[in-house]
Amino acid sequence: MSETKRHSFGDMPADEFLDAGGSVLEFINGYFEQLEKLPVLARTGPGRLADELPTEAPEAGESFEAIIADVEKLILPAVTNWNHPNFHGLFSTSTSGPGILGETLSAAFDMKSMLWRTAPASTELEDVTLGWLRQMLGLPEAFEGIIYDTASVSTMHAIAAARERAGLNIRELGMSGRPDLPLLCIYASEHVHSSIDKACITLGLGTRSLRKIACNERFEMRAAELRRAIEEDVAAGHRPICVIPTIGTTSSTSVDPVGEIAEIAEEFGLWMHVDAAYAGPAAVLDEKRHFFAGWERADSIVLNPHKWLFTPFDLSAFYCRDMESLKAAFSLVPEYLRTSEQTTVKNGMDYGIQLGRRFRSLKLWFVLRYFGRRGIEARIREHCRLAELFASWIDESGDFELLAPVNFALVCFRACPAGVEGLDTFNERLMNHINATGEAYISHTKLAGKLALRVSIGSIRVEERHIEKLWQLLKNGVSESPAAGQAN
Ligand SMILES: *Cc1c(COP(=O)(O)O)cnc(C)c1O
């Protein structure tokens, strides 16, 4: 690459772009191939990467080779490898090759999908792709879809639509300084994701409006408790507006009784928003459909293809029966965005707080086409099979016990070797020990007051041998532990 080219005015020259693009693809491919040799959790300390980087941007442009070399040397050691097949913490990510290539292409188009006119491809492909996905999930045609970045944002929009439908003219008058407004109430289980609390904060409802309903021993919302809470709030002059059952809670993937909750929502005129951010994609499997019974009665549903549908972050699919309420909450068309086809087309900007929106459907379209319905089913089914297999080993072992039903591909359990006092501390140490090896990453939660270890299985690269490796690490961790040693 000549100096003159590198410093020429305008974009990177075409021949250099091709060379550099090739080296990025080679880097990605090499990264995936050596992934299992890398530690799952980054072995870096806070501030270390920042200390290794210059404090100012370069004055003159640098060569692409120098940049990519620093990715290898400086960035990679600070990467926690979500794609590693032994990344079992939180929820595993499922990013795939076709998804990554789709993401790259959408960066190239760089369209801001606000109006149909600014992005016909994004507007229409989003509708078509979400239509395909809706059919795969077995949802009725009444659900229209829109893509947001994350489930947190999808749910915030659902609650905003519920608030709009309550007819309190909050869009115009706001909520502050209004003595005429009752307390607006939102209901969810005690295991609800923190994004619901954040949505209540953002929308000016406040966390006091969020009623967390008690769960049964399977961590499922008690419908009778929900009814009681709504009746109490109504009697106190409050105004229930929305209920959010979860299919696949973050802690344990428990499933709220959506059918019973739908009954109550319909009786009291509440918006029902189903949070299926993690588990939603499992609805493609016939054998898992029963967990989704009743979700077709929802006003809105969120699920994240960026969690378990082989699509790179970010892409959250939001389905809604009542797009008009969403539009009523957010549509606002300044003069410079007025177009002649305004009323006959869908304009993405009308359905949320963002004006410009990314061309996210492209990567999902790549994924759905490349793997096909059957390919997707087979992969999700395999993840569930591996989770059941892992759970069966725990069940058969005297040193471990399951702490929650395995509904999808997450296993919650703990080590409980005979004679060990203080199982919470013991399990926390076991987890930290495994994570420190770099061989695997697992996380934890609290279930019924007990510290539970969580193993999520969802990488597109995960195979039975990875689960076996983790099991070996856990068993070794227990037998090598001094606390367990004393018991023997
Ligand atoms: C992961 C998760 C979320 C949040 O997802 P983001 O896309 O990161 O906002 C919400 N709800 C549930 C049940 C989840 O598992």
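Because the structure is predicted, anything quoted here is derived from the model rather than measured.

### Observations concerning the overall build of the chain
Counting its secondary structure elements, the chain contains 17 helices and 11 strands. Expected size for 488 residues packed as a compact globule is a radius of gyration near 23 Å; at 25 Å, the chain falls within 12% of this value. The C-alpha extent of the chain, read off along each of the three principal axes, is 75 × 60 × 45 Å. Here the chain holds 488 residues, and the buried ones make up 53% of them. Sequence separation of 24 or more characterises 73% of the internal contacts of the chain that already satisfy a separation of 6 or more. Accessible surface, the chain as shown: approximately 22200 Å² in total, 53% of it carbon and sulfur. The distance from the centre of the 49 positive side-chain charges to the centre of the 66 negative ones in the chain is 3 Å.

### As for the sheet that holds strand β8 (residues 400-402)
Across the sheet, which stays open at both edges, the 4 strands sit in the order β8-β9-β11-β10 with antiparallel pairing between neighbours. Across the chains shown, the open sheet's two edge strands, defined by having one partner strand only, are β8 and β10 (443-447). Taking the axes of each pair of neighbouring strands and ignoring which way they run, one obtains an average angle of 40 degrees across the sheet. When β10 meets strand β11 (residues 450-456), the two strands line up antiparallel, connected through 5 bridges. If you follow Ser443 over to β11, its bridge partner there is Arg454. Seen against the sheet, helix α14 (residues 361-396) touches β8, β9 (410-415) and β11 and runs at an angle of roughly 20 degrees to β9.

### Considering the sheet that holds strand β6 (residues 300-303)
If you walk across this open sheet you meet the 7 strands as β1-β7-β6-β5-β4-β2-β3, and the pairing is mixed. Each end of this open sheet is capped by a strand with a single partner; those strands are β1 (144-148) and β3 (210-213). On average, each strand axis in the sheet is inclined to that of its neighbour by 25 degrees, with strand direction left out of account. Here strand β4 (residues 239-244) pairs with strand β5 (residues 271-275) via 2 bridges, running parallel. Counted as the bridge partner of Val243 is Met272 from β5. Across the face of the sheet, helix α10 (residues 223-235) comes into contact with β2 (184-189), β3 and β4 while running at roughly 170 degrees to β2.

### Observations regarding the site of the ligand
The immediate surroundings of the ligand are formed by 14 residues, with Ala151, Ser152, Asp275, Asn304 and Lys307 found nearest. Take Ala151: an N or O atom from its main chain is 2.8 Å from an oxygen atom of the ligand. Between Asp275 and the ligand, the recorded distance is 2.7 Å, taken from a side-chain N or O atom to a nitrogen atom. With the chains in place, 88% of the 380 Å² that the ligand exposes on its own is no longer accessible.

### Let's talk about the domain arrangement of the chain
By a frequent convention, interface size equals the accessible area lost on bringing the separate parts together. As assigned here, the chain comprises domain 1 (3-81), domain 2 (112-358) and domain 3 (372-487). Placing a centre on the C-alpha atoms of domain 1 and another on those of domain 2 gives a separation of 38 Å.

The rules we used
Residues numbered from 1 in each chain as written. Predicted model: local features only at pLDDT ≥ 70, side-chain atom pairs only at ≥ 80, totals over all residues. Heavy atoms only, no water. Helix = DSSP H or I, 4+ residues; strand = E, 2+ residues; numbered from the N terminus. Rg over C-alpha atoms; globule rule 2.2 N^0.38 Å. Buried < 20%, exposed > 50% of the residue type's maximum accessible area, 1.4 Å probe, protein only. Contact = heavy atoms within 4.5 Å. Areas by Shrake-Rupley, 256 points an atom, 1.4 Å probe, with all protein chains shown as cover. Lys, Arg positive; Asp, Glu negative; His and termini not counted. Charge placed at Lys NZ, Arg CZ, Asp CG, Glu CD. Pairing = 2+ DSSP bridges. Axes fitted to C-alpha atoms, helices over the stretch in contact; angles between N-to-C directions. Near = heavy atom within 4 Å. Polar contact = N/O pair within 3.5 Å; in protein donor to acceptor, adjacent residues only side chain to side chain. Domains from an automatic or database assignment.

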